[in-house]
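What follows is the residue order along each chain.
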Amino acid sequence: VMFVLLIACLNVSNLLLARATGRKREVAIRIAIGASRLRLLQQLLTESLLLVICAGTIGVLLAYGGDRLLTIAMARYDVSLPNASIINLDWRVLLFSGAITLGAGLVFGLAPSWITANSSVNDALKEGASSTTAELGRRRLRNALVVFETALALVLLTGAGLLLRSFIELLKVDLGINPANVVTMGISLPEYKYSSSAQQDAFFRRLMQGFEGTPGVKSAGANGGGANVFFQPQGQAPAAAGQEPTAAFKIITPDFLKAIGTHLIAGREFTDQDNARAAPVAIISQTVARRYWPNSNPMGSHLSILARVYSGEHSGASKSLQIVGVAQDVRNDDLWRPEPAIYVPFAQSPASSAFVVVRTAVPPMALVPALRKAVRSVDNEQPINRIQTMDEIVSQTYGALRFPATLLWIFSGLALVLSAVGIFGVMSYTVTRRTRELAVRMTLGASRQDLLGLVLREGLGVTLFGVVLGLAGALALARLMTEYVYGITATDPLTLASASVLLTAVALLASYIPARRAVKVDPLVALRYE
């Protein structure tokens, strides 16, 4: 947002500078008849402030509409922002907007006003003053402003390109599940009816049997856990304080992995025999196996779940769990990396609430009435909440990434348009100021193609300076992007090259339009141009 604001302010400053150059004769006459330079500076600054205040007012109105669009977009992508309910245009937002508007007007209107108010009266009143050293200095300043806004635009384009490529790479990631034809729901048992572990285990065991007996259901499972826990692989030295191994602790029924489409890499799945009377067992994810048993087979090894960790001293360790299987990695909310997980049988650690998944042979939502009936057959008073397909959950996860990436692309597009407008404005003004020069060149034998190339080279030179500066800025900011890219590096050459080519092409187009208009002018008409 700050980059776009800077680009817009640089543009306005450049336009004000061009406008001020056109008024230098007027300013010189005012000074000659007695106006003080301070009074002129005040007038020019007032004009700049009036311009930005009008723009700020329009901006606030657009922001009001943008707030409504933001709400619609969040609903469309099913994205939840922290404290989204308090996002509105209140007095604090208006005060901040006013401060930014006035600050931008003062800072970026000061330089053009100062240059105009302190211009040489004698040079301005002379005929042909456009060829003076002062004019050359203003021209260099205008070009420098375009260079900076081009550089800022390239940094934004590069960031947006990196996020887009990362998103494409994430779409190729194996989530470790098969979301097709899966319906999910949440079930929470009331404590007054299911206070004991045996009652909770009996309810979910009967529920899974009821689901699997429903026509059209292929498998069903429940997960009663998910919170991270500390654990200790037995036979290995305890980790230092603050570096204890952690993993998601998932309490699952025997067919849960099958229902979500997660494959077993080694060992066996849980069975009905893994109950409270059997030896405690666990299935670990590939990440846990690879990280803590890198050079050995974890099958048959043991680990302990640590109830508490105080100042690096482990206490409250559970009984030992024997590893009987290794499951495929699953990526949940964090698509960048798989979630380390430890699965234990539901019967050995029952829970009062669970995330239930049902894999179907028919469209999943069509079975919802039958699934409700199966729940009522176990407990007629038991409610169900959050019924949705697994495809919807996956879409929500990707939507959480798509939403900020879309916003960044919108801002990058604005930056690209603003940069094109800036280059177009500078080139148009430059061509206008050089009309007589171009006419003389044509009179002396220069072809229209020669003049077109002359103007385009100037626009391209300014753009390339901005691209080089922007590439340096993008490389300098690469560290900040490292955590937000996936499958590529933050200095990805393809992204940097694509952004540079796109910006250069847009800049060439912005330069070509005024250049083409200039070379079409009749030399006789141009020679009379003042």
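The structure displayed is predicted, hence computed values, not measured ones.

1. Some details on empty space enclosed by the protein
Applying the stated criterion across every chain yields a total of 3 cavities of 30 Å³ or more. Of the pockets and cavities examined, the largest cavity occupies roughly 90 Å³. Of all the elements in the fold, those that place two or more residues in the lining of the largest cavity are α1 (2-22), α3 (37-77) and α4 (91-117).

2. A short note on the pairing of strand β11 (residues 353-360)
Among the 8 residues that make up β11, 6 are buried, leaving the element largely enclosed by the rest of the structure. Bridging between strand β1 (residues 182-188) and β11 involves 7 bridges; their strand directions are antiparallel. Looking at β11, one finds that Val183 is bridged to Val358. Two elements, strand β2 (residues 217-223) and β11, share 6 bridges in a ladder whose sense is antiparallel. By the bridge assignment, Ser219 is partnered in β11 with Arg359.

3. Observations concerning the layout of surface pockets
When its volume is computed, the largest pocket comes out at roughly 1800 Å³. Taken together, 43 residues make up the lining of the largest pocket; nearest its centre are Val1, Gly59, Leu62, Ala63 and Phe411. Contributions of two or more residues to the lining of the largest pocket are made by α1, α3, α4 and α11 (390-433). Here the element with the most residues in the lining of the largest pocket is α3; it accounts for 16 residues. The residue inventory of the lining of the largest pocket, partitioned by class, reads 32 nonpolar, 10 polar and 1 charged. Volume-wise, the second largest pocket comes out at about 1000 Å³. Contributing to the lining of the second largest pocket are 42 residues, with Asn332, Asp333, Phe355, Ile393 and Thr397 lying nearest its centre. Those elements that provide at least two residues to the lining of the second largest pocket are β1, α8 (256-260), β11, β12 (385-389) and α11. For the lining of the second largest pocket, the element with the highest residue contribution is α11, accounting for 8 residues. Grouping the amino acids of the lining of the second largest pocket by side-chain chemistry returns 20 nonpolar, 14 polar and 8 charged.

4. With respect to the nonpolar core
One recurring pattern in soluble globular proteins: nonpolar side chains tend to sit buried together. Among the nonpolar cores identified, the biggest contains 43 residues, and Ile187, Phe204, Leu207, Phe211, Ile284, Ile342 and Val356 are the most heavily contacted of them. Apart from the residues within four sequence positions on either side, Leu207 is in contact with Ile187, Ala374, Val375 and Val378. Formed by 25 residues, the second largest nonpolar core is a distinct cluster that contains Leu175, Ala259, Val281 and Met390.

5. Considerations on the pattern of salt bridges
Summed over all chains, the structure comprises 10 salt bridges. Its salt-bridge partner being Arg165, residue Asp492 comes within 2.3 Å of it at the nearest N-O pair. Here Asp492 is found in the loop between α14 (478-481) and α15 (493-519), whereas its partner Arg165 is found in helix α6 (residues 133-171), with 327 residues between them in sequence. In this structure Arg165 comes out as partly exposed when scored by relative accessible area, which is 24%. Salt bridges sharing partners connect three or more residues here, namely Lys193, Asp379 and Glu381.

6. With respect to the packing of α11 against helix α13 (residues 448-476)
Where α11 meets α13, the closest approach of the two axes is 11 Å, and the angle between their N-to-C directions is 140°. Once α11 is placed against α13, the crossing between them reads as right-handed. Two secondary-structure elements touch here, α11 through Ile423, Met427, Thr430 and Val431 and α13 through Val455, Glu458, Gly459 and Thr463. A breakdown of the residues in the contact of α11 with α13 according to their chemical character gives 4 nonpolar, 3 polar and 1 charged.

7. Details of helix α10 (residues 368-378)
For α10, every residue scored as buried is listed here: Val368, Leu371, Ala374, Val375 and Val378. Along α10, the residues classed as buried sweep out an arc of 115° about the axis, all on the same side. Of the residues in α10, the exposed ones pointing more than 90 degrees away from the buried face are Pro369, Lys373 and Ser377. As for α10, its buried residues are in contact with β1, α7 (197-212), β2, β11 and β12.

8. Section: the packing of aromatic side chains
Scanning the entire structure with this criterion turns up 5 aromatic pairs. Ring centres of Tyr194 and Phe203 lie 5.4 Å apart, and the angle between their planes is 65°; on these two criteria the pair is classed as edge-to-face. Summarising the burial analysis for this pair, Tyr194 and Phe203 share the class buried. Aromatic pair Phe203 and Phe204: ring centres 5.2 Å apart, planes at 90°, arrangement edge-to-face. Like Phe204, Phe203 is buried. Within the aromatic cluster, the residues linked to one another by ring pairs are Tyr194, Phe203, Phe204 and Phe346. In this structure, Arg68 packs its charged tip against the face of Tyr64, placed 5.1 Å from the ring centre.

9. Some remarks on the pairing of strand β6 (residues 281-285)
For β6, a buried count of 5 out of 5 residues is recorded, marking the element as mostly surrounded by other parts of the structure. Burial along β6 is two-sided: the face carrying Val281, Ile283 and Ser285 and the face carrying Ala282 and Ile284 are both buried. Relative to strand β9 (residues 321-327), β6 runs parallel, the two sharing 5 bridges. Paired with Ile284 across the bridge in β9 is Val326. Note: β6 against strand β10 (residues 341-345), 2 bridges, orientation antiparallel. Paired with Ile284 across the strands is Ile342, a residue of β10.

10. Notes on the environment of Pro245
If you trace the backbone, Pro245 turns up in the loop between β3 (228-233) and β4 (246-252). Judged by relative accessible area, which is 7%, Pro245 ranks as buried. Once the C-alpha coordinates of Pro245 and Arg291 are considered, the two residues, 46 residues apart in sequence, prove to be 9.7 Å apart. Excluding its chain neighbours within four sequence positions, the residues that come into contact with Pro245 are Val229, Phe230, Phe231, Pro233, Ala239 and Tyr292.

Quick notes on the rules
Residues numbered from 1 in each chain as written. Predicted model: local features only at pLDDT ≥ 70, side-chain atom pairs only at ≥ 80, totals over all residues. Heavy atoms only, no water. 1 Å grid on protein atoms, 1.4 Å probe; cavity = no way out; pocket = protein on both sides within 12 Å on 5 of 7 lines; lining within 4 Å. Points joined across faces, edges and corners; volume = space filled by probe spheres on them. Helix = DSSP H or I, 4+ residues; strand = E, 2+ residues; numbered from the N terminus. Buried < 20%, exposed > 50% of the residue type's maximum accessible area, 1.4 Å probe, protein only. Pairing = 2+ DSSP bridges. Nonpolar A, V, L, I, M, F, W, Y, C, P; charged D, E, K, R; others polar. Core = buried A, V, L, I, M, F, W, Y, C linked by side-chain atoms within 4.5 Å. Contact = heavy atoms within 4.5 Å. Salt bridge = Lys/Arg side-chain N within 4 Å of Asp/Glu carboxyl O. Axes fitted to C-alpha atoms, helices over the stretch in contact; angles between N-to-C directions. Left-handed = near helix turned anticlockwise from the far one by under 90°. Arc of directions from axis to C-beta. Phe/Tyr/Trp six-rings, centres within 6.5 Å; stacked < 30°, edge-to-face > 60°. Lys NZ or Arg CZ within 6 Å of the ring centre and 35° of its normal.

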